[in-house]
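# Structural description and commentary
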Amino acid sequence: MLEASEPRRRSGRRAPVAPGTRRHRRPSPAAAVVTILVGAVMLAGIVRAAEPPGVPAPAARAAYNAAAALQNRGAWDLAVTAWEAMLRDHPRDPLVPRATHNLGLCLLEEGKWPEARERFNAAVEAATTLPGGDAETLGRARYELGRGAFAEARRSGAPQAFRDAATALAAYLDGDAASRGAPARVAEARSLVAEALWQSGDRDAALAAWERFLREHPDSPRVADVLYGLGVARAESGDAAAAASALATFAERFPDHEFAEEVAIRRADLALAAGQPVDAARLVVEVAKRKESPRSLEALERLGTALWRQERHAAAAAAFDMLAERRGDVPAAAAATLSAAAAWAAAGKVDEARERLASVLRGPPDAGREGPMAEAAERLARLELSRGTPQAALDAADRGLAVAKENAPVTARLLRARADALATLPDRRDEALATLERLRSTHTGDPVAAEALALEAALLLDAGRAAQALAAADRYLALPADQRHAAADVSFVRAVRAEALLASGDPRASAEAYGALLDSVAEDPRRGHWRVRRGAALVADEAWQEGHDLLGPLAGAAPGREGIEADDVPEALLLDAMALVELGRSVEALPRLERLARDFADGPRRHEAALVEIRARRDTGDVRGALAVAERLVGDPDLPAALAGRAWFRLGQARCDDGNDAAAIEAYREARKRGAGESLAASALLAEGWCHEALGDLAAAERAWTEVVDGPGPFPATLPALVARGDVRLRTGAAAAGLADAERVLV
């Protein structure tokens, strides 16, 4: 029996987390599971009762005891010398395997892993070749080889090093019960194997190893650490349900563990990801209340997010306000204030939101504040736009642009907000277009640049620059799909393109473009509007029947039916009435026109509707009705100048129908004075001549028709004027001139 004690082993300590490390920010899954072994090897044990196989020589035993005493006092260098002397002097003694193992432990304490590894390997060989073997020393040496390899792998971080460590530890675990030794050592080795497998990239094997640990070592002091690591690993591998289960078990079994608050935050993250914000808030609310807790700020952040997801916006805003107040560093506090502003805005407390955003913008743009200030400016600009205050939005955007870096993503959004504000302000569309051009040229590839191109196409269309709008829309639609912002924007630009084609004078292409858009988008609240605009293109293309087939159901529908909105109803009514009149179905057109006059008396196209109604009433023989509408129309002080000539022409027709040719002549002359256009002016002269003829003033009639014939043209009125003039000349004795006109007609 040995009378001297074996070398004692130090108790291991948990490796400290590096300053500033936040475990919930994706640490190694077993950061809390693994005991780091560098410089803190567990040197241990009390007297072993069992003798080594064979009988040690007395001198070898004495040398062994002397070296062990030095090792127990922590005199590592002296112990190394003593162990080396003992092994040199007694190379075949049964104590050699144990002495070699202990020498390795001392070298490890001195930070000499390569030399220690060599001694542990020698101990394995000695324990294996010793007659009768030394199973305990064999197991201890293999255990230290595995732990040392793991420590080296953690230092290097190389996946292959972790694979080698897992192999070394497996060699220990694969031994028999005698070599594995104490259950605590086995448990620690299994936890190290799991970590090594995870870090090597063999995640499935690592997860299985952790699960095995929990089955085989349910009472191990390392269960809490393994449960934590397993929960983190399951989350990182995408198995949220299993992660939540592991962390819930941790919380139930170890409510006072040092990781308890961190686990609560991790569980809240999983609940948020699973769409369970109520559970997330419940998990972190107590941690958030503890101001002294280092995790309270993270808990407050999760609490605010959970309340936001529940649409409890005012409560979320209060949480973010509290977070901003507790944050010590300025950028982090500003970020929390931005979240508070968003929550206040969502709660309908616009003034509260504006105050939070303005507070971020106050003060100089010190280092670290430029980003939050620019972000606050962009959000404030958007808020002002939603409130209908574009000048305030422009001021906020300009403030943000003054501090933002040119290539920052927020700069693109600020430029977009600036363009939106300018587009809303009177007479500043050109500045808006210039801002959009700057955005596109400095942020190529940014989705906001694609948005800018879409907005540019719409602004150009609004400005009456249809060809440029069409080109901008085509450039947008030619972008790769991943650069276009969203399907809704694509549909918007396709609609702009179709409208630009109509404005460019190609109604057939416009109708086809709208048709393709409608075919490609099955569900969209704008479909009703697109159908009406396609109808407008068909009417402009004089496809009267096709236009009526499309517009008829829309014109007869109540708002909200057939996908048509209230603003589109008067347009559908007018367009369908126009198509019906051209189809010779004025009787059907009149109810639509009467509804327009009754329900949309102040509509923007009421004057055009009156022009169509005059024609429809004339077609149906309602002379007095047509005359009454025409008289009201020309007397309307809001009659657009562009329609005045046509309105006076229609009045002339109505007066002529009513037999008042003299008054009709006055109306036709007024039509020509109002700048009705050369073609309509020619038609007015033609009709004026007929009125003179009806009054018996053939000379005046001939002069009117001559003015048409000799004027610019030809127009639709030119040939009828030539025929009428020839007839008058023949009737008044100017036979040669009349025949000449007749020959011109034949030609």
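Everything that follows concerns the structure shown earlier in this document.
Reference entry: report on the structure contained in this document. These numbers were taken from a predicted model, which means no experiment stands behind them.

Turning our eyes to something else, we now look at the environment of D219. Along the chain, the position of D219 falls in the loop between α9 (203–216) and α10 (223–236). Here D219 falls in the exposed class, since its relative accessible area comes to 73%.

Evaluation of the coordinates by the stated rule reveals 70 salt bridges. The salt bridge partner of R440 is E456, with a shortest N-O separation of 2.9 Å. With R440 in helix α21 (residues 429–442) and E456 in helix α22 (residues 447–462), this residue pair connects regions lying 16 residues apart in the sequence. Each member of the pair, R440 as well as E456, carries the same accessibility label: buried.

The next point concerns unusual backbone geometry. The phi angle at E311 is positive, at roughly 65 degrees, despite the residue not being glycine. You can see E311 is positioned in the loop between α14 (296–309) and α15 (313–326). Residue E311 is classed as exposed on the basis of its relative accessible area, which comes to 61%. For D427, which is not glycine, the phi torsion reads 60 degrees and is therefore positive. With respect to the helices and strands, D427 occurs in the loop between α20 (409–424) and α21.

Before going further, it helps to spend a moment on the nonpolar core. Core analysis: the largest hydrophobic core is formed by 92 residues, its most contacted members being L303, L357, L414, L439, Y476 and W530. Take this core: its biggest share by element is 12 residues, from α22. In contact with L357, other than residues within four places in its own chain, are L338, A341, A376, R379, L380 and L383. By size, the runner-up hydrophobic cluster in this structure holds 41 residues, among which are A187, A189, V193 and V232.

Reading the values: the criteria
- Residues numbered from 1 in each chain as written.
- Predicted model: local features only at pLDDT ≥ 70, side-chain atom pairs only at ≥ 80, totals over all residues.
- Heavy atoms only, no water.
- Helix = DSSP H or I, 4+ residues; strand = E, 2+ residues; numbered from the N terminus.
- Buried < 20%, exposed > 50% of the residue type's maximum accessible area, 1.4 Å probe, protein only.
- Salt bridge = Lys/Arg side-chain N within 4 Å of Asp/Glu carboxyl O.
- Core = buried A, V, L, I, M, F, W, Y, C linked by side-chain atoms within 4.5 Å.
- Contact = heavy atoms within 4.5 Å.

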